[in-house]
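# Close look at the chain arrangement
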Amino acid sequence: MSNAACIVIPIYNHKDAIGATVANLVVHGLPLYVVDDGSDEATQQVLAALAQQHADQLTLLRLPVNGGKGAAVMAGLRAARAAGYTHALQIDADGQHDAADVPRFLDASQANPRAVILGRPVYDASVPKSRLYGRYVTHVWVWIETLSLTIQDSMCGFRLYPLDIACALIDKVKLGTRMDFDIEILVRLHWRRVEFIAIPTPVTYATDGVSHFDVLWDNVRISRTHTRLVAGMLCRLPLLLLHKVMPRQAVKADDDASATSATGANERNDANEGHAAWWRMAERGSRLGMMLLALGCKTIGPRLTAWWLHPIVAYFLLTGRPAREASRCYFEHLAQASPQQETPHPGWRSAYRHMLAFAQSGFDKLTAWSGRIAPADFNFDDARALDDLLASGRGALVIGSHLGNLEMARALAVRGAQTKVTAVVYTEHARRFNSVLASANREFTQHLLEVNDFGPETAMMMQERVARGELLVIVGDRTPARQMGRTTTAQFLGASAPFAQGPYVLAHALECPVYLFFCLKERGGYRLYFEPFAERIELPRRERERHISAWAQRYATRLEHYCRKAPYQWFNFFDFWARPSGGAHGRK
């Protein structure tokens, strides 16, 4: 997600402070939306002069009558969204906040584009004690309403919103329009499982500053808001308690969750962006929940523990609309491409079975690394290709997929005794899950090679491993995290889909044999398919793209074959057929 940020400044009769506030903000080069909340004529004149002085950077909006700070902020956020901005930094007009901290808010948002960035005030001696201690009444109520200490300060007027998240809420829910707005929007966003990041920032109270806080009526409004929010918390109490053992995430406000396994695998919530941003997916599944599953495996055994997956998957099914849609899309493509074969009917039942298979796959990874899966639990469909490779002592590149359980590639090493199998992965997107696997088996991290792309340095490192006789396992049905534009089109389940060029470019650089590996779960355990793909992949310079496309199509054809064999076991919960954003879809 590419951030396009602006600044929203609500103002009501702060004619003496607004000039300095604008001057301190324009230096950051961001567009400014100043929202005049029905100010007096003197303030209007000052604002008109500022708008003329900074005509290329400042947009002046005027509300005909004073509606309150919340009304002004909401008007500014909607205007910024309509203008195409993705994020808006709200800051008060009275100069209390340190404009020098703007880059810190922007950097935090760039790193976490789906999070709300909150200022956590650091007061100096200028703060009135009544204001300082009075805020804690609201803080305590917010902590009760959210059952969390995540929102450290709900009243600070220095914060940055992702506009689609904030506007989805203000367009759907009637929020307070005055000083209660800052509190209510945060609590309701917390209920929608939005992530919050706090940044300490200085706050200074000017001795001659103008405050529009009405001690009587604004406290009445805030008290009334807290009453509504406490009632809302009580209605949501079961769900909020469930969230305590689930991770908070940075997602669209309309989309509570994407479907994942209870063991914490992660899938992209915004299915419409497909391949272009799968690697930004927030990891789901709390470490506590995963550790409980691991403990269950050790104490009561995998079979009984596996029953816990059903209610957890049901929760993800109900709250994971994007993943349900992705599952439906996949089964529709599968049905259209397999008219002579009975395939799952797209719908809630198939989505539940799909997500349950995903959860069980993750659960099996845990049991495998816990030592609960024996060699007898997996069988090779035809082991001749693997046995010949192992006998030769050569290393190889093995291309897998998100079909079935790639973790069973460990079986290749079991069969080859001294053979080392290393999975090339993007582990940064499943930190909690991988940490639980590591706690189950200290050797786990020795079998992972974390990369961000398939650049020259990565290729050299892998070449050394292959030369030592290692089997490097990568996936071919996702684009590289940092090089998602390097894709080529192949026909997959009856439609064009983008496939990564990386595996074939890497195979060309490694100059080694290439194999395909698929592992499908059956009633009697796992069946492993290991088949030759190429003795060596050549990519002539002049026909490079054509050759890459041909290899990708061969891979897509085999993946489609195995998807038909195990339709519920392909685990890409995003729009796989969506073209990468930005038009960088290869060079064909």
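## Observations concerning the overall build of the protein
A count of helical and extended segments in the protein gives 20 helices and 16 strands. The buried share of the protein, reckoned over its 588 residues, is 55%. Taken as a whole, the protein presents about 25,200 Å² of accessible surface, with 53% of it coming from carbon and sulfur.

## Here we look at a nonpolar patch on the surface
Together, V137, V140, W141 and I144 make up a nonpolar patch on the protein surface, roughly 330 Å² of accessible area in all. Mapped onto the secondary structure, I144 falls in helix α5 (residues 129-146).

## Focus on the sheet that holds strand β1 (residues 5-11)
Reading across the sheet, the 7 strands line up as β3-β2-β1-β4-β6-β5-β7 and stay open at both edges, with mixed pairing between neighbours. The open sheet is flanked by β3 (58-63) and β7 (196-203), the only strands paired with a single partner. Neighbour-to-neighbour, the strand axes of this sheet turn through a mean angle of 20 degrees, independent of strand direction. As paired strands, strand β5 (residues 116-123) and β7 are joined by 8 bridges and run parallel to one another. Note that in β7 the partner of L118 across the bridge is A198. Along the sheet, helix α2 (residues 41-53) contacts β1, β2 (32-37) and β3; its crossing angle with β3, the most-contacted strand, is approximately 155 degrees. Its contacts with the sheet put helix α6 (residues 163-172) on β4 (87-90) and β6 (159-162), and the angle it makes with β6 is roughly 80 degrees.

## Remarks on the pairing of β3
Bridge count between β2 and β3: 6 bridges; the pairing is parallel. Bridge pairing in β3 places V34 opposite L60. Viewed along the sheet, the connection from β2 through α2 into β3 turns out right-handed.

## Structural notes on the packing of aromatic side chains
For the structure on display, the rule yields 21 aromatic pairs. Each ring, one from F574 and one from F576, has its centre 6.4 Å from the other, and the planes form 35 degrees; the classification is tilted. Overall, the relative accessible area of 1% leaves F574 in the buried class. We classify F576 as buried; its relative accessible area is 0%. Relative to W577, the ring of F576 lies with its centre 5.7 Å away and its plane at 80 degrees, an arrangement referred to as edge-to-face. As far as the burial class goes, F576 and W577 line up, both buried.

## Looking at the confidence of the model for the protein
In the predicted model, the protein carries a mean pLDDT of 78, and 71% of its residues have values of at least 70. Within the model, the stretch residues 427-446 combines pLDDT values under 50 with 49 contacts to residues more than four positions away or in other chains. Predicted confidence is poor over residues 581-588, with pLDDT under 50, and the contacts of this stretch with residues over four places away or in other chains come to 18 contacts.

## What to know about the pattern of salt bridges
One pass over the full model with this rule turns up 24 salt bridges. R104 is paired through a salt bridge with D101; the nearest N and O atoms lie 3.4 Å apart. With a relative accessible area of 37%, R104 lands in the partly exposed category. Note on D101: relative accessible area 8%, which makes it buried. Here the salt bridges do not stand alone but share partners, grouping K69, D92, R159 and D182 into one network.

## Some details on the packing of α6 against helix α7 (residues 181-191)
The interhelical angle for the contact between α6 and α7, taken along N-to-C directions, is 105 degrees, at an axis separation of 11 Å. With respect to their mutual orientation, α6 and α7 come out roughly perpendicular. Contacts between α6 and α7 involve I165, L169 and I170 from the former and F181, I185, R188 and L189 from the latter.

## Considering the side chain of S154
In this structure, S154 sits in the loop between α5 and β6. With residues near it in sequence (within four places) discarded, S154 still touches T138, H139, V142, R159, D182, I183 and L186.

## Let's talk about the nonpolar core
Nonpolar side chains tend to gather and get buried jointly when the protein is soluble and globular. One finds F492, F499 and W577 to be the most contacted residues of the largest nonpolar core, which totals 59 residues. If one sorts the elements of this core by residue count, helix α20 (residues 544-565) sits on top with 8 residues. Other than its neighbours up to four places away in sequence, F499 contacts G476, R486, T487, T488, A490, F492, A552, Y555, A556, L559 and F576. One finds L77, V142, I151 and F196 within the second-largest nonpolar core, a separate group that totals 37 residues.

## Quick look at helix α13 (residues 321-337)
Between its first and last C-alpha atoms α13 spans 24 Å; for 17 residues at 1.5 Å apiece the expected length is 24 Å, and the two agree. Among the residues of α13, those classed as buried are P322, A323, R324, A326, S327, C329, Y330, F331, H333, L334 and A337.

## Remarks on the side chain of H226
Take H226: it is sitting in helix α8 (residues 217-235). Sequence-distant contacts of H226, that is, excluding residues within four places in its chain, are made with T138, W141, V142, E145 and I183.

## Quick notes on the state of the cysteines
Two cysteines form a disulfide when their sulfur atoms are joined by a covalent bond. Tallied over the full model, the rule gives 0 disulfides. With no disulfide of its own, C6 lies 9.9 Å from the sulfur of C167, the closest cysteine sulfur. Given a relative accessible area of 0%, C6 falls into the buried group.

## With respect to the environment of Q96
Here Q96 lies in the loop between β4 and α4 (102-111). Here the alpha-carbon distance between Q96 and P202, two residues 106 residues apart in the chain, equals 8.3 Å. Looking at Q96, its side chain comes within polar contact range of the side chain of D94, at 3.2 Å.

Conventions and cut-offs
- Residues numbered from 1 in each chain as written.
- Predicted model: local features only at pLDDT ≥ 70, side-chain atom pairs only at ≥ 80, totals over all residues.
- Heavy atoms only, no water.
- Helix = DSSP H or I, 4+ residues; strand = E, 2+ residues; numbered from the N terminus.
- Buried < 20%, exposed > 50% of the residue type's maximum accessible area, 1.4 Å probe, protein only.
- Areas by Shrake-Rupley, 256 points an atom, 1.4 Å probe, with all protein chains shown as cover.
- Patch = residues over 30% accessible without salt bridge, like charges linked within 9 Å, V, L, I, M, F, W, Y side chains within 5 Å.
- Salt bridge = Lys/Arg side-chain N within 4 Å of Asp/Glu carboxyl O.
- Pairing = 2+ DSSP bridges.
- Axes fitted to C-alpha atoms, helices over the stretch in contact; angles between N-to-C directions.
- Contact = heavy atoms within 4.5 Å.
- Right-handed = clockwise from strand over helix to strand, strands pointing away.
- Phe/Tyr/Trp six-rings, centres within 6.5 Å; stacked < 30°, edge-to-face > 60°.
- pLDDT = per-residue confidence, 0-100.
- Parallel < 35°, antiparallel > 145°, perpendicular 65-115°, else oblique.
- Core = buried A, V, L, I, M, F, W, Y, C linked by side-chain atoms within 4.5 Å.
- Expected span 1.5 Å × (residues − 1).
- Disulfide = S-S within 2.5 Å.
- Polar contact = N/O pair within 3.5 Å; in protein donor to acceptor, adjacent residues only side chain to side chain.

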